[in-house]
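# Architecture at a glance
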Amino acid sequence: MDALFQAIYSGILYGSVYGLMALGLTLIWGSLRMLNLAHGSLYLVGGYLAWTIIDRLQLPLVLAFLLAVAGAALVGLILQVALINPLLGKAGWDSASLIATVGASIVLESGALLIYGPQVKQMPTVVEGQFKISTVLISNQALVVIATAVLFLILMSVFLRTSRHGLAIRAISQNMDAARLAGVPARRAFLIVMCISAALAGLAGVLLSSIFYLAPTSGFVPMVKALVVTIFGGLGSVKGTIWAAYTIGLLEAMLQVYLGAGWALPGLFLFMIVMLVVRPNGLFGLGEVRRL
Amino acid sequence: MLQVSDLQAGYGGSQVLHSISLHVQTGEAVVILGPNGHGKTTLLRAISGLIQPTGGHIELDGRAITRLEPEAIVAAGVVHIPQGDLLFPEMTVLENLLMGAYRSDAWGARNKKLEQVFDLFPPLAGRKRQLARSLSGGERRMLALGRGLMGKARIFMIDEPSLGLAPLVIEQVYETIREIRRTGLSILLVEENANHIAGLADRVYLLEAGTLVREGTADELLQDEALLAAYLG
């Protein structure tokens with residue numbers, strides 16, 4: 001029973017953060033039809049910025065949080081303007097954008113290595129205190145992380161459902177021509193999506209690295225897991241992505257608790273392969289039209 | 001108000017439109033009749049900017065709109081209801097309609113416009129919360145037209161509204177288009193079947209192989225059955 005409770009607790013924690021990461025990936029896929037392999041580096045930007053501001057500059061927590069997320073959004077903006085925009089509308093978009101984002105991720109990770117070195121960084125505990133339910137140790141910091149992530153998932157969902165720009169972002173992902181005929185300026189929408197997506201990755205970086213450690217390679221595994229989530233949820237589907245994030249988070253936590261930590265990643269990939277065979281369009285994928 | 005001169009366009013090297021010149025006056029309903037595959041859809045797509053014309057000139061009220069981005073052409077007041085409706089399938093009917101009022105100059109009036117659209121298309125009002133992909137063919141066509149009416153259209157370009165619909169539904173759709181026309185909106189419509197456009201068109205062009213071969217008032221051209229049979233089969 002305690003094992004199950006432990007798995008649910010960890011699963012909700014992972015799921016909330018994966019949800020933020022995966023939502024960013026899926027929004028980019030929806031609008032640009034691009035797999036952004038620099039997404040993990042944007043996670044890194046958020047994490048390192050937060051660490052620098054809290055640990056080195058000793059500035060207040062809220063400021064660190066805001067600056068780190070804004071910093072990731074800014075890096076996303078630069079990526080879009082300098083790297084992605086010049087490729088838009090050119091032949092070979094699929095492979096060119098993929099290679100460009102891999103390149104960007106190498107630059108950003110190497111930059112982190114140069115600036116911060118290979119040593120692992122640990123964020124100071126910003127929210128003190130922990131308590132036990134039976135044998136399961138729950139830290140207040142993790143609860144704050146979960147609450148923040150869930151708050152932003154809800155905010156994103158409301159934004160995408162009710163606001164003018166949110167509707168436009170969904171419209172672009174469902175039918176580009178129709179969205180343009182409604183007057184949505186495609187390039188500006190891409191820029192907005194990239195900034196939001198980068199901010200979400202940065203936010204995930206701030207949140208998760210406040211619990212785990214931070215190293216120049218830390219962005220990779222969360223990105224891969226977010227990728228599993230988006231494939232499971234049906235690429236481009238917002239609702240599917242959020243459901244999938246919690247499913248994958250719980251699955252990972254179950255694997256860790258019942259089979260051991262070493263099983264988490266191979267288990268997830270096995271799950272993804274099975275998914276791709278039995279439901280290639282994902283949990284909420286509704287066929288070709290929906291996916292693309 | 002809309003003036004197209006010597007327009008040429010095509011897809012990747014193969015030319016579809018050869019020197020198209022036409023005009024639509026304010027408040028006028030102009031229909032382009034032509035068989036399938038002769039460039040009707042290409043013509044509307046070139047005007048609305050979805051494809052780049054390779055030559056020629058398009059003006060709206062004397063202002064050049066040739067080769068602008070589609071969003072800038074919409075901003076000028078050219079609203080294109082494309083073939084196949086092009087809805088947002090995973091958005092509700094209401095969300096689809098709201099997207100029609102996306103532009104900031106239309107967003108403020110969205111609730112008033114919604115009422116007008118629901119008055120014009122009562123079936124949509126009952127399906128507000130339903131996903132667009134769950135609608136019937138006729139309802140989709142209504143939604144596409146309704147979405148176009150949510151913005152600030154000055155000229156309404158409609159691509160073959162009869163396509164794929166049952167005869168009775170076609171009659172309903174054309175009745176609404178005639179109603180839209182009575183509000184004074186300028187209309188440029190392309191159609192394959194001459195029977196549908198009686199009572200709607202002021203002027204008619206015949207399009208064949210990417211060229212406008214005849215022009216005349218609806219009264220003249222639609223009476224000439226031999227001519228129509230020769231071109232439309």
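Nothing here was measured: the structure is a model prediction, and the numbers come from that model. (Residues numbered from 1 in each chain as written. Chains lettered and ligands numbered in written order. Predicted model: local features only at pLDDT ≥ 70, side-chain atom pairs only at ≥ 80, totals over all residues.)

### Structural notes on the overall build of chain B
Looking only at helices and strands, one finds 10 helices and 10 strands in chain B. Scaling as 2.2 N^0.38, a compact globule of 233 residues should have a C-alpha radius of gyration of about 17 Å, and chain B matches this with 17 Å. With respect to the three principal axes, the spread of C-alpha positions in chain B is 45 × 40 × 30 Å. Scored against the burial criterion, the 233 residues of chain B give a buried share of 45%. The long-range fraction of contacts in chain B, counting pairs at least 24 apart against all pairs at least 6 apart in sequence, stands at 68%. (Helix = DSSP H or I, 4+ residues; strand = E, 2+ residues; numbered from the N terminus. Rg over C-alpha atoms; globule rule 2.2 N^0.38 Å. Buried ≥ 20, exposed ≤ 12 C-beta atoms within 10 Å, placed from the backbone. Contact = placed C-beta atoms within 7 Å.)

### Points about the overall build of chain A
A count of helical and extended segments in chain A gives 12 helices and 4 strands. Over its C-alpha atoms chain A spans a radius of gyration of 19 Å, differing by no more than 12% from the 19 Å that the globule rule assigns to 292 residues. Sorting the 292 residues of chain A into buried and exposed places 50% on the buried side. Long-range pairs, those at least 24 residues apart, make up 75% of the contacts in chain A with a sequence separation of at least 6.

### Focus: the packing of helix 9 (residues 220–233) of chain A against helix 10 (residues 238–259) of chain A
All names here are of chain A. Between helix 9 and helix 10, whose axes approach to 8 Å, the crossing angle comes to 125°. In terms of orientation, helix 9 lies oblique with respect to helix 10. For the pair helix 9 and helix 10, the sense of crossing is right-handed. Two secondary-structure elements touch here, helix 9 through Lys225, Val228, Val229, Thr230, Phe232 and Gly233 and helix 10 through Gly240, Thr241, Trp243, Ala244, Ala245, Thr247 and Ile248. (Axes fitted to C-alpha atoms, helices over the stretch in contact; angles between N-to-C directions. Parallel < 35°, antiparallel > 145°, perpendicular 65-115°, else oblique. Left-handed = near helix turned anticlockwise from the far one by under 90°.)

### Topic: the confidence of the model for chain A
All names here are of chain A. Mean pLDDT over chain A stands at 90; residues scoring 70 or higher make up 96%. Per-element confidence in chain A ranges from a low mean pLDDT of 37 for helix 12 (residues 288–291) to a high of 95 for helix 8 (residues 186–209). Low pLDDT, under 50, characterises residues 286–292; the stretch is placed with 13 contacts to residues that sit more than four places away or in other chains. (pLDDT = per-residue confidence, 0-100.)

### Things to note about the sheet that holds strand 3 (residues 29–33) of chain B
Residue and element names in this part refer to chain B. Taking strand neighbours across the sheet as the criterion, the 6 strands line up as 6-7-8-3-9-10 in an open arrangement whose pairing is mixed. Only two strands of the sheet have a single partner each, and these edge strands are strand 6 (78–81) and strand 10 (211–217). Adjacent strand axes in the sheet meet at a mean angle of 15° when their direction is disregarded. Pairing of strand 3 with strand 8 (residues 186–191), which is carried by 5 bridges, proceeds in the parallel orientation. From the neighbouring strand, alanine 29 faces strand 8, where its bridge partner is isoleucine 187. (Pairing = 2+ DSSP bridges.)

### A look at the pairing of strand 10 of chain B
Taken together, the 6 bridges between strand 9 (residues 203–208) of chain B and strand 10 of chain B define a ladder with antiparallel strand orientation. Residue glutamate 208 of chain B lies in a different strand from strand 10 of chain B, and its bridge partner there is threonine 211 of chain B.

### Thoughts on the interface of chain B and chain A
Accessible area lost upon the coming together of the parts is a frequently used measure of interface size. Tallying the contact residues gives 22 residues for chain B and 17 residues for chain A. For the side of chain B that touches chain A, the secondary-structure elements that each account for two or more residues are helix 2 (70–76) and helix 3 (93–100) of chain B. The residue makeup of the side of chain B that touches chain A, split by class, is 14 nonpolar, 4 polar and 4 charged. (Nonpolar A, V, L, I, M, F, W, Y, C, P; charged D, E, K, R; others polar.)

### Quick notes on unusual backbone geometry
Located in the positive-phi region is serine 134 of chain A, a residue other than glycine, with phi close to 55°. Among the structural elements, serine 134 of chain A can be located in the loop between strand 2 (130–133) and strand 3 (136–139). Take serine 134 of chain A: there are 9 C-beta atoms within 10 Å of it, and that puts it in the exposed class. A positive phi is found at aspartate 85 of chain B, a non-glycine position, where the angle reads about 70°.

### A closer look at the confidence of the model for chain B
All names here are of chain B. Mean pLDDT over chain B works out to 93, with 100% of the residues at or above the 70 mark. Per-element confidence in chain B ranges from a low mean pLDDT of 81 for helix 10 (residues 225–232) to a high of 97 for helix 3. In the model output, the complex is listed with pTM 0.89 alongside ipTM 0.91.

### Digging into the sheet that holds strand 1 (residues 2–11) of chain B
Residues and elements named next belong to chain B. Strand order in the open sheet formed by 4 strands is 2-1-4-5, and the pairing between neighbours is antiparallel. Only two strands of the sheet have a single neighbouring strand rather than two, namely strand 2 (14–24) and strand 5 (63–64). Bridging between strand 1 and strand 4 (residues 55–60) involves 5 bridges; their strand directions are antiparallel. Across the sheet, residue valine 4 finds its bridge partner in strand 4, namely isoleucine 58. Against the sheet, helix 1 (residues 40–48) touches strand 1, strand 2 and strand 4, its axis set at about 70° to strand 2.

### A few points about the nonpolar core
Nonpolar side chains tend toward joint burial in soluble globular proteins. Ranked by internal contacts, the top residues of the largest apolar core, which has 163 residues, are Met21 and Ala171 of chain A. Residues in contact with alanine 171 of chain A, not counting those within four places in the same chain, are Ala178, Ala179, Ala182 and Val184 of chain A together with Phe88, Met91 and Met99 of chain B. (Core = buried A, V, L, I, M, F, W, Y, C linked by C-beta atoms within 7 Å.)

### Let's talk about the pairing of strand 9 of chain B
Residue and element names in this part refer to chain B. Burial runs high along strand 9: 5 of the 6 residues are buried. Looking at chain direction, strand 3 and strand 9 are connected through 4 bridges and run parallel. Opposite isoleucine 32, over in strand 9, you have tyrosine 205 as the bridge partner. Between strand 9 and strand 10, which pair antiparallel one after the other, the connecting turn spans 2 residues, and alanine 209 there sits at a positive phi close to 45°.

### Thoughts on the environment of phenylalanine 5 of chain A
For phenylalanine 5 of chain A, the location among the structural elements is in helix 1 (residues 2–32). Residues phenylalanine 5 of chain A and valine 136 of chain A, spaced 131 residues apart in sequence, show a C-alpha to C-alpha distance of 7.5 Å.

### Digging into the environment of valine 184 of chain A
With respect to the helices, strands and loops of the structure, valine 184 of chain A is situated in the loop between helix 7 (176–181) and helix 8. Accessibility expressed as a C-beta count within 10 Å gives 24 for valine 184 of chain A, which makes it buried. Once the C-alpha coordinates of valine 184 of chain A and isoleucine 106 of chain A are considered, the two residues, 78 residues apart in sequence, prove to be 33 Å apart. Setting aside chain neighbours within four positions, we find valine 184 of chain A in contact with Ala168, Ala171, Ile172, Ala179 and Ala189 of chain A together with Glu71 and Tyr102 of chain B.

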